Amino acid sequence: MNNKKQHAGFYGWLERRIGIDQMMHEALDEPIPGGARLAYVFGSGLLFLFLSQVITGLALALYYVPSTDHAHTTVAYISKVVAAGEFLRSLHAYGSSAIIVVLLLHVLQTVFYGSYKGRRELLWISGCVLATLMFAMAFTGYLLPWDQKAYFATAVGTNIVGEVPGIGGKLELLMRGGPALGTLTISRFFVAHVLLIPGMIFAFVALHVFFFRKAGAAGPISAKPRNSGLPTTPFYPGQVIIDMAFALALIAVLSLLAHFFPFPVGPRANPADSTYLPRPEWYYIPVFQWLKYWEGSRAFLGVVLIPAVIVLLFVLLPFLDRGAERRPWRRPIPVGGVVIVLLGLAGLGWASHSQDTKDPSIASQLHRQDEAVVQYMKQPFKPEESGGGATATGEAKESANPMVQAGEKLYQDNLCSACHGVAGKGGIAAPLSGIGSRMSSQQLQTLLTNPTPKMTGGGMPPVPLKDGQLKQLVAYLMSLK
Amino acid sequence: MIQTNETAAHEHAHTETPRRSFLGWLLGLGTLGTGAVLSIPIVRYLLSPLSAKQPNLWSDVGPMDHFQNLTAPKAQNITVVRRDGWQESRIQQMVYVLPSAPGDTPRVLSSICPHLGCSVSWSDGLFRCPCHGGVFSPRGELKDGPPRRSMDSLQARIMQGRLQVKFEYFRPLLPNKVILG
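Residues numbered from 1 in each chain as written. Chains lettered and ligands numbered in written order. Predicted model: local features only at pLDDT ≥ 70, side-chain atom pairs only at ≥ 80, totals over all residues.

### Looking at the overall build of chain B
What chain B contains, in helices and strands, is three helices and ten strands. N-terminal to C-terminal, the α/β element order of chain B is α-α-α-β-β-β-β-β-β-β-β-β-β. For chain B, buried positions account for 23% of its 181 residues. For chain B, the share of sequence-separated contacts (at least 6 apart) that also reach a separation of at least 24 residues comes to 43%. (Helix = DSSP H or I, 4+ residues; strand = E, 2+ residues; numbered from the N terminus. Buried ≥ 20, exposed ≤ 12 C-beta atoms within 10 Å, placed from the backbone. Contact = placed C-beta atoms within 7 Å.)

Encoded structure:
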């Protein structure tokens, strides 16, 4: 603004150091040709949903541990124990679906309005990258709870990557961190989901917004792609209010869903379960169904070539559809193409659904799986037995040998653990683990009845047990690892 | 509201300042209010350790009839369960249940020597520590040796006919009982 007003007080102090007025002007006075519209809300809606995912994701990261040992327990703990944990996790899970829905609407709006025209190729391509990153977020996040659904959906998903001719096998190995899904897979997916991809999303959102502001808003379909010549209104307040109302509607719907239909955790992943029927999340089902039709020698065509051509045509849309015409009915080929692909995907989704419901054995198995999830959610949270040296469980239970078990009881009853630690892990006195590899049971028995001066000096008394019990104690000590 | 060009929008905006800033306040307050409502679950989630139910710290010692007519302290193994978030650990410990009048809750002593943490054993009518020769009376009072205090008693209660004890660790070497950690 030319007529700069001098602000007084604290606001003025800040203004002279930050330039708030200029920033607000940059942010809020973006001219919108033809005025504010409901059709323009999807971009800011996506940004809002992404921020919601960041906040709820931070909350989840407070408890989550990315390892096959703990992942499922920690997610169950969040859902069943932590205050508002189930609600925040549900917001996060439903939020991912909401992002896909709004993303689809955002793309459709852009295609129907032809708003990729007029030096907006980079804007469009950065958007394509963001869409890919969002799908990658959905895919990597799906594994993390390590329940049955997560495990088997990701097993299938990574197997699909393995289908890629040539490098598929190596790619699958790299994604999983090994031949089977396991702890290395969880770490990889966790790092991708929480550090790598979000970082890339932040960077590409910045680029996307930069390209958008550089090219300017495209305005209604009647306008020319550049220099529309239409009267403009500033972004604030008209469009801001519509965008905020949309964000409010999104979070309201998500909150209601999360509150009344909380997103469940299923039973822990059991790779040995051969009956489990994996089904990916709804937005991956069309792809899942598509892959069923391509087997053997034709796989290359269906799995690689056709999708690659479709994706390439889609990414190159602003280079192919170059005219100044923006009205969708005058651009039947690009608009029709996108609509046909979308209808095809919807059809594939419907085909998958009808196959699942028509086949009674599949339908009943899927029902059993859903029922298992419901039952699991009804059970109270069961804490995990902690590992490490503090417990007598684990090692000691490894042996079903009655001699060893009786010896363990003697070890406890005679308070050997007071000095040598639980399960001989060591305490005030030396640990006994692995003693069996250092001496024979005969030598050990002799030492117990006649301790060396060094041992008595350290406080070790002769063991006052009779021969039978002494043998049991020795058997137990020899078993310590 | 529709202006012919950007410059006009700015000029007009300037004259419109009162209306615009009132709307700004309204939107700001609305956003703040909505944000406050939305942050309720986050705050509850973050503060959940404060309101978390304390796990049951009482360990079962055994049915009361086992301790009714004791003539000497009875050694008893107990399992102490510690909850740490989503993990749980079980530790075996030993306590001594002392003879008590019928109907009274018996006194329960920790078997950990208040000197340096060895396990005290019961023999020849006295508690004796095998490591450094501490000796305690049948009630656990210090009689002789390097310990600086009597044996540590533990909180005990009777629930549905069973004796329960709240096992705790105490700092060694001090003249008085101080809970460790």
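Don't stop here, the text continues.
### Thoughts on the domain arrangement of chain A
Reports often express the size of an interface as the amount of accessible area lost when the parts come together. We note that the domain assignment places domain 1 (29-378) and domain 2 (396-479) within chain A. On a C-alpha basis, the centroid separation for the pair domain 1 of chain A and domain 2 of chain A is 59 Å. (Domains from an automatic or database assignment.)

### Quick notes on unusual backbone geometry
Residue Y236 of chain A is joined to P237 of chain A through a cis peptide bond whose omega torsion reads 5°. Structurally, the position occupied by P237 of chain A is in the loop between β2 (232-234) and α10 (238-260). In this structure, N227 of chain A takes a positive phi of about 45° despite not being glycine. A positive phi angle, near 55°, is found at D124 of chain B, a position not held by glycine.

### Quick notes on the sheet that holds strand β6 (residues 126-128) of chain B
Residues and elements named next belong to chain B. The four strands are arranged β5-β6-β7-β8 in an open sheet whose pairing can be described as antiparallel. Strands with a single pairing partner mark the edges of an open sheet, and in this sheet they are β5 (121-123) and β8 (142-144). Bridge analysis of β6 against strand β7 (residues 135-136) gives two bridges, and the strand direction is antiparallel. Bridge pairing in β7 links F127 to F136. (Pairing = 2+ DSSP bridges.)

### A short note on the packing of helix α7 (residues 148-163) of chain A against helix α8 (residues 168-176) of chain A
Residues and elements named next belong to chain A. It is at 6 Å that the axes of α7 and α8 come closest, and there the two elements cross at 150°. Taken as axis vectors, α7 and α8 run roughly antiparallel relative to one another. Together, T158, N159, V161, G162 and E163 of α7 and G168, G169, L171, E172, M175 and R176 of α8 make up the contact between the two elements. Classifying every residue of the contact of α7 with α8 by side-chain character gives three nonpolar, five polar and three charged. (Axes fitted to C-alpha atoms, helices over the stretch in contact; angles between N-to-C directions. Parallel < 35°, antiparallel > 145°, perpendicular 65-115°, else oblique. Nonpolar A, V, L, I, M, F, W, Y, C, P; charged D, E, K, R; others polar.)

### Some remarks on the domain arrangement of chain B
Once the domains are mapped, chain B shows domain 1 (6-49) and domain 2 (58-166). Placing the centre of domain 1 of chain B and that of domain 2 of chain B at their C-alpha centroids yields a distance of 63 Å.

### Looking at the confidence of the model for chain B
Interpretation of the predicted coordinates at a detailed level should be avoided for regions scoring low in pLDDT. Residues and elements named next belong to chain B. For chain B, the average pLDDT comes to 82, and 86% of its residues sit at 70 or higher. In the model, residues 1-15 has pLDDT below 50 throughout and makes 21 contacts with residues more than four positions away in sequence or in other chains. The ipTM, which scores confidence in the relative placement of chains, is 0.72 for this predicted complex, and the corresponding pTM is 0.75. (pLDDT = per-residue confidence, 0-100.)

### Some remarks on the interface of chain B and chain A
Residue-level contacts link 36 residues of chain B with 42 residues of chain A. Contributions of two or more residues to the side of chain B that touches chain A are made by α1 (6-15), α2 (17-46), α3 (48-51), β2 (74-84) and β3 (87-97) of chain B. Here the side of chain B that touches chain A is composed, by residue class, of 14 nonpolar, 16 polar and six charged. In the sheet, strand β3 (residues 384-385) of chain A pairs with β3 of chain B via two bridges, with the strands oriented parallel. Counterpart to E385 of chain A in the pairing with β3 of chain B is E88 of chain B.

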